[in-house]
Amino acid sequence: MTALPLIQAAPAQYRRRSALPPRHLADLDLAGRRAAVAALGEQPYRAGQLSTHYFDRLVRDPAAMTDIPAASRDRLAADLLPTLLTPVREQSCDGGATRKTLWRLHDGALVESVLMGYPDRVTVCVSSQAGCGMACPFCATGQAGLTRNLSTAEIIDQVVWFAGAAARGELPGCPPRLSRVVFMGMGEPLANYARVIEAVRRLTDPAPEGLGLSQRHITVSTVGLLPAMRRLTEERLSVTLALSLHAPDDELRDTLVPVNQRWKVAEVLDAAWAYAGRTGRRVSIEYAMIKDVNDQPWRADLLGRLLAGRLAHVNLIPLNPTPGSVWDASPKPVEREFVRRLREAGVPTTVRDTRGREIDGACGQLAAAEVAQ
Ligand code: SF4
């Protein structure tokens, strides 16, 4: 059997020290925070104060936590609020309602997040790994290989940063409360399983333990890591599962999503239906429309047959080609015909909003642009 390129060595320009960052408040539950505060010789209730600032008031700057005496504040901040994310570059469009931020992590690794504000909701798309080891050939992040997993707090801090921006009214025409998180930035979330699940818990625990978001408003994507999908099914969470399918047949999917060489279309769909059955949640089938590669009418029909009658929804993604790439987006008439055939098969289908296209919307592109400079 062909060895899978699951964990690639990153090219030299991406190669970094791969240590996790220092521990942060958001890595711990409330009991863990109390213990950490007590270990510093501080009153345990300071853990609640710090948590209220960070998770409820969305304050990340220790200097602004003025209800804590300065000496205690400095001690607590040094131990529990290390700087995890330093913004390197921010791009925005849609009048400021779409923002993409490139962050430098403590070890120099680069990741990015995208904020999308709508009249009725504010969504953030977070990265779960620096780089990605899944090697999907059409994806800029996949070309760079995996640098390292992000810590739980590095994931949470992306959300808290943008939740603060929304609360300060920085997103014109959008509600002030960030309500949705999608794990669709850099990385394969289920390859960083424990930290991603911990992040989901922290996002959904009520404040001040966490951010108090609804589990139903969290989407976790995967290319189909079968054991992790089964494990997720047993977690008793009700997050939305998004399966990045991109092809309905093994022959093509073996190439487009190399992990398919290990776990085939039928197996990952079975795991997705098991998740849907356990949670009652509709699975989102992600399908990047790539010109002359996976957009043929017969593939739409095959996909329709695989999904008909299932608790599923197809999200077609117009490919955002990376500079110099041989991959291109499907023409609109081809995309429309694909949608028509899926709907005719009884499969709910939408075409993803191409928010952020002007700001290198495909995952990994912003980091790639920075490294190339
Ligand atoms: S498409 Fe997703 S899973 Fe595939 S290489 Fe890119 S980031 Fe990784």
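Structure's up top.
Throughout what follows, the structure given in this document is the object of discussion. (Residues numbered from 1 in each chain as written. Predicted model: local features only at pLDDT ≥ 70, side-chain atom pairs only at ≥ 80, totals over all residues. Heavy atoms only, no water.)

1. Side note on the packing of helix α7 (residues 226-233) against helix α9 (residues 265-279)
For any two helices packed against each other, one specifies the inter-axial angle together with the distance between the axes.
Part 1 of the argument: Packing of α7 against α9 brings their axes to within 9 Å, and their N-to-C directions diverge by 10°. Between α7 and α9, the angle is such that the two are roughly parallel. Within the contact between the two elements, α7 uses Leu-226, Met-229, Leu-232 and Thr-233 and α9 uses Glu-267, Val-268, Ala-271, Ala-272, Ala-274, Tyr-275 and Arg-278.
Part 2 of the argument: Here the residues of the contact of α7 with α9 are counted per class, giving eight nonpolar, one polar and two charged. (Axes fitted to C-alpha atoms, helices over the stretch in contact; angles between N-to-C directions. Helix = DSSP H or I, 4+ residues; strand = E, 2+ residues; numbered from the N terminus. Parallel < 35°, antiparallel > 145°, perpendicular 65-115°, else oblique. Contact = heavy atoms within 4.5 Å. Nonpolar A, V, L, I, M, F, W, Y, C, P; charged D, E, K, R; others polar.)

2. Observations concerning the packing of helix α10 (residues 297-307) against helix α11 (residues 332-344)
Part 1 of the argument: Close contact between α10 and α11 brings their axes to 8 Å; oriented N to C, the two are set at 30°. Overall, the two elements α10 and α11 adopt an arrangement that is roughly parallel. For the crossing formed where α10 meets α11, the hand is right-handed. Between α10 and α11, the contacting residues are Pro-297, Arg-299, Ala-300, Asp-301, Leu-303 and Gly-304 on the first element and Phe-338, Arg-341 and Leu-342 on the second.
Part 2 of the argument: Broken down by class, the residue content of the contact of α10 with α11 amounts to five nonpolar, one polar and three charged. (Left-handed = near helix turned anticlockwise from the far one by under 90°.)

3. Quick notes on the site of the ligand
Part 1 of the argument: As a structural note, the neighbourhood of the ligand is formed by nine residues, with Cys-132, Cys-136, Cys-139, Gly-142 and Val-223 the closest of them.
Part 2 of the argument: Per-class residue counts for the shell around the ligand are seven nonpolar, two polar and no charged. (Near = heavy atom within 4 Å.)

4. Focus on the sheet that holds strand β10 (residues 283-289)
Pairing between the strands of a sheet comes from backbone hydrogen bonds, and it takes one of two forms, parallel or antiparallel.
Part 1 of the argument: Read from one edge to the other, the open sheet built from ten strands follows the order β1-β2-β3-β4-β7-β8-β9-β10-β11-β12, with strand pairing classed as mixed. Bordering the open sheet on either side are β1 (86-93) and β12 (349-351), each of which pairs with just one other strand. If you compare each strand with its neighbour and ignore which way they point, the axes differ by 20° on average.
Part 2 of the argument: Where strand β11 (residues 312-318) meets β12, three bridges bridge the pair, whose relative direction is parallel. For Leu-316, the partnering residue across the bridge sits in β12 and is Val-351. (Pairing = 2+ DSSP bridges.)

5. Some words on the pairing of β1
Part 1 of the argument: Two strands pair when backbone bridges link them, and β1 and strand β2 (residues 98-104) are joined in this way by seven bridges, in the antiparallel orientation. Directly across from Pro-87, in β2, lies its bridge partner Trp-103.
Part 2 of the argument: Connecting β1 to the next strand, β2, in antiparallel fashion are four residues, including Asp-94 with a positive phi near 55°.

6. Describing the pairing of strand β8 (residues 218-222)
When a strand is regular, its side chains alternate between the sheet's two faces.
Part 1 of the argument: Of all the five residues making up β8, five are buried; the element is thus mostly covered by neighbouring parts of the structure.
Part 2 of the argument: What you see with β8 is no split at all: Ile-218, Val-220 and Thr-222 on one side and Thr-219 and Ser-221 on the other are buried throughout.
Part 3 of the argument: Direction of pairing for strand β7 (residues 180-183) relative to β8: parallel, over a ladder of three bridges. From the neighbouring strand, Val-182 faces β8, where its bridge partner is Thr-219.
Part 4 of the argument: The parallel pair β7 and β8, bridged by helix α6 (residues 193-204), forms a crossover whose chirality is right-handed.
Part 5 of the argument: Relative to strand β9 (residues 240-244), β8 runs parallel, the two sharing four bridges. Residue pairing in the sheet places Ser-221 in a bridge with Ala-242 of β9.
Part 6 of the argument: After leaving β8, the chain enters α7 and then returns to the sheet as β9, a path that is right-handed. (Buried < 20%, exposed > 50% of the residue type's maximum accessible area, 1.4 Å probe, protein only. Right-handed = clockwise from strand over helix to strand, strands pointing away.)

7. Focus: the pattern of salt bridges
Part 1 of the argument: All told, the structure shown has 21 salt bridges when counted by the stated rule.
Part 2 of the argument: Residue Asp-107 pairs with Arg-148 through a salt bridge whose shortest N-O separation is 2.7 Å. Of this pair, Asp-107 sits in the loop between β2 and β3 (110-117) while Arg-148 sits in strand β6 (residues 146-149), and the two are 41 residues apart along the sequence. The two residues Asp-107 and Arg-148 agree in class, both being buried.
Part 3 of the argument: Measuring nitrogen to oxygen at the nearest pair gives 2.8 Å for the salt bridge that ties Glu-170 to Arg-168.
Part 4 of the argument: Assessed through its relative accessible area of 55%, Arg-168 is described here as exposed. (Salt bridge = Lys/Arg side-chain N within 4 Å of Asp/Glu carboxyl O.)

Shape is all these values report; function is a separate question.
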